[in-house]
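Given next are the chains, with one letter for each unit.
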Amino acid sequence: MKKNIFFAAMLAFTSLGLSSCGDKETEGLSRITYYPTIEIQGDDPYVMAKGSTWADPGYVSIMGGEDVSDKVTVKGAPDGTTSGDFTITYTTTKNEDGFDASATRRVIVADKADAVEGLYWLDASSYRLRQGAKVAYGASYPIAVIKRADGNYHVDDMLGGWYYYRAGYGVRYAMEAVISVAADGTVSLLASQVPGWGDSHDDFTGTFDAATGTFTLNTVYAGMDFVQTWVKQVIE
């Protein structure tokens, strides 16, 4: 009988201790937290003609079943007078427990009069050739080509998103590059770098068809051939 009484007392003490600990950890927080969400509308990436005025396609933020879009803060509107790659950040107001939500949109500003400059999409049938084995990209990824002051072009990924998007390694594993495009359509790769590994391309061949807005490329990197086709998105 004494054993049972002792056990019951210990159980009550343990329960009280756990309850007290839980109260301290949740002190200051409401019983129910409504987390905000935010969803951007329209294209992402979005292509904007140089010389035009930015008009945001919109966004919707919901918290606790209510539309709180009017409380969203927007930062980073693109400069329509300059070709470039811009990022817009949308952030909701914080809820009563200090939680907010954010989303981003990428905007490419490109000159419609420039046959090369713009946003391109990788043809999903593009592939990597490694030791005789061909593996298709299997999806379409965006590539931005922006004209530089020296007349050459900056490319955000000469590997067409293989590591950045397909493998999910992120932007540091994209091959940033500078290319030139001759009048006959010959493409030359002048410089490149993959920041995550600190190296660059081994070899390269490529052409550009101005009539169709299409790049046909083979970037040789780390003993592998990345055989790609990029098609330019029409600028409205």
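Residues numbered from 1 in each chain as written. Predicted model: local features only at pLDDT ≥ 70, side-chain atom pairs only at ≥ 80, totals over all residues. Heavy atoms only, no water.

### Some thoughts on the overall build of the protein chain
Line of reasoning, step 1. Within the protein chain, the regular secondary structure consists of 2 helices and 17 strands.
Line of reasoning, step 2. Residue burial in the protein chain is summarised as follows: out of 236 residues, 36% are buried.
Line of reasoning, step 3. Look at the contacts in the protein chain between residues 6 or more apart in sequence, and 49% of them connect residues 24 or more apart.
Line of reasoning, step 4. Accessible area of the protein chain: about 13500 Å², with a carbon and sulfur share of 53%. (Helix = DSSP H or I, 4+ residues; strand = E, 2+ residues; numbered from the N terminus. Buried < 20%, exposed > 50% of the residue type's maximum accessible area, 1.4 Å probe, protein only. Contact = heavy atoms within 4.5 Å. Areas by Shrake-Rupley, 256 points an atom, 1.4 Å probe, with all protein chains shown as cover.)

### What about the sheet that holds strand 3 (residues 59–63)?
Line of reasoning, step 1. Strand order in the open sheet made by the 3 strands is 1-3-4, with antiparallel pairing throughout. Whereas interior strands pair on both sides, the edge strands pair on one side only; in this sheet they are strand 1 (37–40) and strand 4 (66–67). (Pairing = 2+ DSSP bridges.)

### Overview of the environment of Asp67
Line of reasoning, step 1. Summarising the element assignment, Asp67 is placed in strand 4.
Line of reasoning, step 2. When the C-alpha atoms of Asp67 and Thr37 are compared, they prove to be 9.8 Å apart, with 30 residues separating the residues in sequence.

### Some details on the environment of Asp156
Line of reasoning, step 1. Mapped onto the elements of the fold, Asp156 is located in the loop between strand 12 (153–155) and helix 2 (162–166).
Line of reasoning, step 2. Overall, Asp156 belongs to the buried group, its relative accessible area being 16%.
Line of reasoning, step 3. The spatial distance from the C-alpha of Asp156 to the C-alpha of Val145 is 6.9 Å, given a sequence separation of 11 residues.
Line of reasoning, step 4. For Asp156, the contacting residues outside a window of four places in its chain are Arg106, Ile143, Ala144, Ala174, Met175 and Glu176.
Line of reasoning, step 5. Among the polar contacts made by the side chain of Asp156, one reaches the side chain of Arg106 at a distance of 2.5 Å.
Line of reasoning, step 6. Engagement of the side chain of Asp156 in a polar contact is seen with the backbone nitrogen of Ala144, the distance being 3.0 Å. (Polar contact = N/O pair within 3.5 Å; in protein donor to acceptor, adjacent residues only side chain to side chain.)

### Let's talk about the pairing of strand 7 (residues 102–110)
Line of reasoning, step 1. Here strand 7 lies mainly inside the structure; 7 of its 9 residues are buried.
Line of reasoning, step 2. As judged from the 4 bridges shared by strand 2 (residues 46–49) and strand 7, these two strands associate in the parallel manner. Among the inter-strand pairings, Val47 is bridged to a residue of strand 7, identified as Ile108.
Line of reasoning, step 3. Bridging between strand 6 (residues 84–91) and strand 7 involves 8 bridges; their strand directions are antiparallel. Within strand 7, the position partnered with Thr89 by the bridge is Thr104.

Structural measurements only, silent on function.
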